[in-house]
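Here are the chains, one letter per residue:
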Amino acid sequence: MPLLAITLTTPCCYHHYHKLNHRISASLRAMVTATSSRNAGAFTTVKEKVTFEREIKKSKFIAIAGPISDEQSAFSFLSQVRDPRATHNCWAYKVGDQYRSNDDGEPSGTAGKPMQSAIVSSGIDRVMVVVIRYFGGIKLGTGGLVRAYGGVTSECLRNAPTCLVKSKVPMGVEVTFDLLGVLYHQLQSFQVEDIKQDYDTGKDGISMVTFKVDFDRAEKLEEAVKANCSRELVFYKQ
């Protein structure tokens, strides 16, 4: 979202606005470096690591699901739970619109893809599932493997405790020193995060405060701050 425009009357004002606008843009960009369009809104994920175990024709299948935030955390989770002694350590994960899966030696498409489909069907995001198989001597066939891997993944996620996570919107506001107490009271009421304050705004008695707030509470916070400060304030949003 573009920054709000300010009317300029002199070259000096223009220089100051350009400098301030650059500072604000840099500050808000820093707050959203790791944020992408796939993080917008809210999503449901698993609260913690959960395990589901089932024996199918003497093969033991252990599905382990856990919350992840990106590809790096997914492979970190995989390295923590995989068993090198097992016959197969198949996996799948979903982070927003990013999907990956691996059959780990099972016939192509019989493990990772049905696991991935089970994750999508569950409606859970930012999650990885690893299914560890200990071969019991009886081959399951292509259809049997698809049902086994997809089934234990579905059951694991069905039993997992979940939580709703709301994405954060980076915001900033210029405020006079005498209103900082009022502003901070409102920020605490709305449970904002990552509050930072910058006195070097180039304006006497003015401070820039940046923070992150739940995406669905941004407008209400802006209205509350303006109402309690009893004056017009300029909010900046990325």
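In what follows, the structure referred to is the one given above.
Computed from a predicted model, the values in this text were never measured in an experiment. (Residues numbered from 1 in each chain as written. Predicted model: local features only at pLDDT ≥ 70, side-chain atom pairs only at ≥ 80, totals over all residues. Heavy atoms only, no water.)

A. Broad picture of the pairing of strand E2 (residues 50-56). Judged from the seven bridges that link them, E2 and strand E3 (residues 59-67) form a sheet pairing that is antiparallel. Its bridge partner lying in E3, Val 50 is registered against Ala 65. Hairpin connection of E2 to E3: two residues between the antiparallel strands, including Lys 57 at a positive phi of 50°. (Pairing = 2+ DSSP bridges. Helix = DSSP H or I, 4+ residues; strand = E, 2+ residues; numbered from the N terminus.)

B. Region of interest: unusual backbone geometry. In the Ramachandran plot, Lys 58 falls in the positive-phi region, its phi being about 75° despite a non-glycine side chain. Its location among the elements puts Lys 58 in the loop between E2 and E3. The phi torsion at Asp 194 lies on the positive side, around 55°, for a residue other than glycine. Look at Asp 194 and you get partly exposed, because its relative accessible area is 41%. (Buried < 20%, exposed > 50% of the residue type's maximum accessible area, 1.4 Å probe, protein only.)

C. Structural context of helix H2 (residues 71-81). Considered for burial, the residues of H2 that qualify are Ala 74, Phe 77, Leu 78 and Val 81. All buried residues of H2 lie within an arc of 100° about the axis, which places them on one face of the element. Exposed side of H2, more than 90 degrees from the buried face: Gln 72, Ser 79 and Gln 80 are the residues found there. Residues of H2 that are buried make contact with E3, strand E4 (88-95) and strand E6 (127-134). If you check the start of H2, you find a side-chain oxygen 3.3 Å away from the backbone N of Gln 72, and it comes from Asp 70. (Arc of directions from axis to C-beta. Contact = heavy atoms within 4.5 Å. Polar contact = N/O pair within 3.5 Å; in protein donor to acceptor, adjacent residues only side chain to side chain.)

D. Inspection of the packing of helix H5 (residues 180-189) against helix H6 (residues 218-229) at higher detail. As a packed pair, H5 and H6 sit with axes 10 Å apart at the nearest point and diverge in direction by 150°. Between H5 and H6, the angle falls in the class roughly antiparallel. For the element pair H5 and H6, the recorded crossing hand is right-handed. On H6, the residues that touch Val 182, Leu 183, Gln 186 and Leu 187 of H5 are Leu 221, Ala 224, Val 225, Asn 228 and Cys 229. (Axes fitted to C-alpha atoms, helices over the stretch in contact; angles between N-to-C directions. Parallel < 35°, antiparallel > 145°, perpendicular 65-115°, else oblique. Left-handed = near helix turned anticlockwise from the far one by under 90°.)

E. Summary view of the nonpolar core. Counting residues in each nonpolar core, the largest one holds 23 residues, and the members touching the most others are Val 129, Val 131, Tyr 149 and Leu 157. Going through the elements one at a time, E2, E3, E4, helix H3 (112-122), E6 and helix H4 (141-158) are the ones with two or more residues in this core. Setting aside its immediate chain neighbours within four residues, Leu 157 contacts Val 46, Ala 65, Ala 118, Ile 119, Ser 122, Ile 124, Val 127 and Val 129. One finds Met 171, Leu 183, Phe 190 and Val 225 within the second-largest nonpolar core, a separate group that totals 20 residues. (Core = buried A, V, L, I, M, F, W, Y, C linked by side-chain atoms within 4.5 Å.)

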